[in-house]
Amino acid sequence: MTLIAILLGTLAAGIGSVWLAAALSFGVLARYTQHMLSLAAGALLGTAFLHLLPEAFESGLDPQALFLTLLVGVVFFFLLDKAELWHHGHEHHHDDAGHDHDHAHDHGHHHEHGHGPERLAGGWSVLAGDSVHCFGDGILIASAFMADLRLGVIAALAVLAHEVPHHMGDLMVLRLSSGTRKAALLKVTLAGAITALGGLVGYWLVDLLHDYLTYFLVVAASSFIYVALADLIPQLQKRLSLGETLAQIAWLLVGIGLVTVASALAHTH
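Let me begin by describing the structure that accompanies this report. If you're wondering where the values come from, they're calculated on a predicted model, not measured in any experiment.

## Some words on the overall build of the protein
Scanning the protein for helices and strands turns up nine helices and zero strands. What you see in the protein, going N to C, is helices and strands ordered as α-α-α-α-α-α-α-α-α. The contacts in the protein between residues at least 6 apart in sequence include a share of 84% that link residues at least 24 apart. Only carbon and sulfur atoms are counted for the fraction: they give 69% of the accessible area of the protein, which is about 13,400 Å².

Here it is, written out as structure tokens:
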């Protein structure tokens, strides 16, 4: 039963986030991009601080050890992000040297999606990085499901929410390299499906290392906190009108509310 839930959760998060990103990037929902960023940030922070971390601290383990794990996790994801940006930036430097006009265009893309010109190094590089990221998401979702069904549902929803803006950037890059929306959508969907593979590996890994499950939950929380604070919220820090600012806050609270409601529903069933 747990394995089936993990597969369903990882497929919903991995592929569902890609299709929602496509709707926001290419469809009639494109005007709601900023709202989606606020929603995703709220969902991630709500999941980390209201669900994953409380569940971890209820285990009775030393709080200092758990806080240290949280700190190490945040620093690790920061360094991982740096390594990915350096890698793509290095490729971009060699592949696109002399193309100043293209670089300027890519830099504009960076401000819109928050992924920087480095992300435009090449379609296959983007897919490789996306696949690794989705694999890690699958392991995190499996960890949550192994702890509690309610936490698994919440983690899957949080991953779905935070992957949407990430996939939006990837779809734009792959559309430029592939030439068509359909080809870009197919490639990113295949990368998103890797989440299920990560879920399978996570199911085996967490079952084997069950005593360390609490630490997996804290690492998952550190991932969500880092993405929310380092990637999503900075994109919301713009000079806006009062109405737009209130809308941002409202959607942030909606994201927190959604994971709370989903938690209550999952717990009820």
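## Re the packing of aromatic side chains
Enumeration according to the criterion identifies two aromatic pairs in this entry. Look at Phe57 and Phe67: their rings are 5.1 Å apart centre to centre, the planes differ by 50 degrees, and that puts the pair in the tilted class. Here Phe57 is found in helix α2 (residues 33-57), whereas its partner Phe67 is found in helix α3 (residues 63-95), with ten residues between them in sequence. Here Phe76 and Phe77 contribute two aromatic rings whose centre-to-centre distance is 5.3 Å and whose plane-to-plane angle is 70 degrees, an arrangement assigned as edge-to-face. According to the relative accessible area criterion, Phe76 is partly exposed, its value standing at 47%.

## Here we look at the side chain of Ser222
Along the polypeptide, Ser222 turns up in helix α8 (residues 213-236). On the basis of relative accessibility, which here comes to 0%, the residue Ser222 falls in the buried class. Residues contacting Ser222, with those up to four places away along its chain left out, are Leu70, Gly73, Val74 and Phe77.

## Digging into the environment of Val227
Of note, Val227 is situated in helix α8. With 64 residues separating them along the chain, Val227 and Glu163 place their C-alpha atoms 9.7 Å apart. Those residues in contact with Val227 that sit more than four places away from it in its chain are Leu44, His162 and Leu232.

## Some details on the nonpolar core
The biggest cluster of nonpolar side chains holds 42 residues, and the ones touching the most others in it are Leu44, Leu52, Phe224 and Leu232. At the level of secondary structure, the elements contributing two or more residues to this core comprise α1 (2-26), α2, α3, α5 (123-147), α6 (149-178) and α8. The greatest single-element share of this core, amounting to twelve residues, is contributed by α8. Sequence-distant contacts of Phe224, defined by excluding residues within four places in its chain, comprise Leu44, Thr47, Ala48, Leu52, Ala155, Ala158, Val159 and His162.

## Things to note about a nonpolar patch on the surface
Together, Leu68, Leu71, Val72, Val75, Phe78 and Leu79 make up an exposed nonpolar region whose accessible area comes to about 550 Å². With respect to the helices and strands, the residue Phe78 is situated in helix α3. The exposure class assigned to Phe78 is partly exposed, which follows from its relative accessible area of 39%.

## With respect to the side chain of Ser38
Position of Ser38 relative to the elements: it lies in helix α2. You can call Ser38 buried: its relative accessible area is 1%. Excluding residues within four positions of it along the chain, Ser38 makes contact with Leu236, Gln248, Trp251 and Leu252.

## Considering α2
Since the α-helix packs 3.6 residues into each turn, any two residues three or four apart lie on the same face. Counted at 1.5 Å a residue, the expected span for α2 with its 25 residues is 36 Å, and the 35 Å between its end C-alpha atoms agrees. Along α2, the sharpest change in direction is near 35 degrees and occurs at Ala48. Most of α2 is tucked away, with 18 of its 25 residues classed as buried.

## Examining the pattern of salt bridges
Summed over all chains, the structure comprises two salt bridges. Notably, a salt bridge pairs Glu55 with Arg150, separated by 3.7 Å at the nearest N-O pair. You can see Glu55 sitting in helix α2 and its partner Arg150 sitting in helix α6, a full 95 residues away along the chain. The exposure class of Glu55 is partly exposed, given its relative accessible area of 21%. Asp148 is the salt-bridge partner of Arg150, the closest N and O atoms lying 3.6 Å from each other. Looking at Asp148, the relative accessible area reads 26%, which means it is partly exposed. Linked through salt bridges whose partners overlap, the residues forming this network are Glu55, Asp148 and Arg150.

What counts as what
- Residues numbered from 1 in each chain as written.
- Predicted model: local features only at pLDDT ≥ 70, side-chain atom pairs only at ≥ 80, totals over all residues.
- Heavy atoms only, no water.
- Helix = DSSP H or I, 4+ residues; strand = E, 2+ residues; numbered from the N terminus.
- Contact = heavy atoms within 4.5 Å.
- Areas by Shrake-Rupley, 256 points an atom, 1.4 Å probe, with all protein chains shown as cover.
- Phe/Tyr/Trp six-rings, centres within 6.5 Å; stacked < 30°, edge-to-face > 60°.
- Buried < 20%, exposed > 50% of the residue type's maximum accessible area, 1.4 Å probe, protein only.
- Core = buried A, V, L, I, M, F, W, Y, C linked by side-chain atoms within 4.5 Å.
- Patch = residues over 30% accessible without salt bridge, like charges linked within 9 Å, V, L, I, M, F, W, Y side chains within 5 Å.
- Salt bridge = Lys/Arg side-chain N within 4 Å of Asp/Glu carboxyl O.
- Expected span 1.5 Å × (residues − 1).
- Bend = angle between axes of the 7 residues up to and from the residue.

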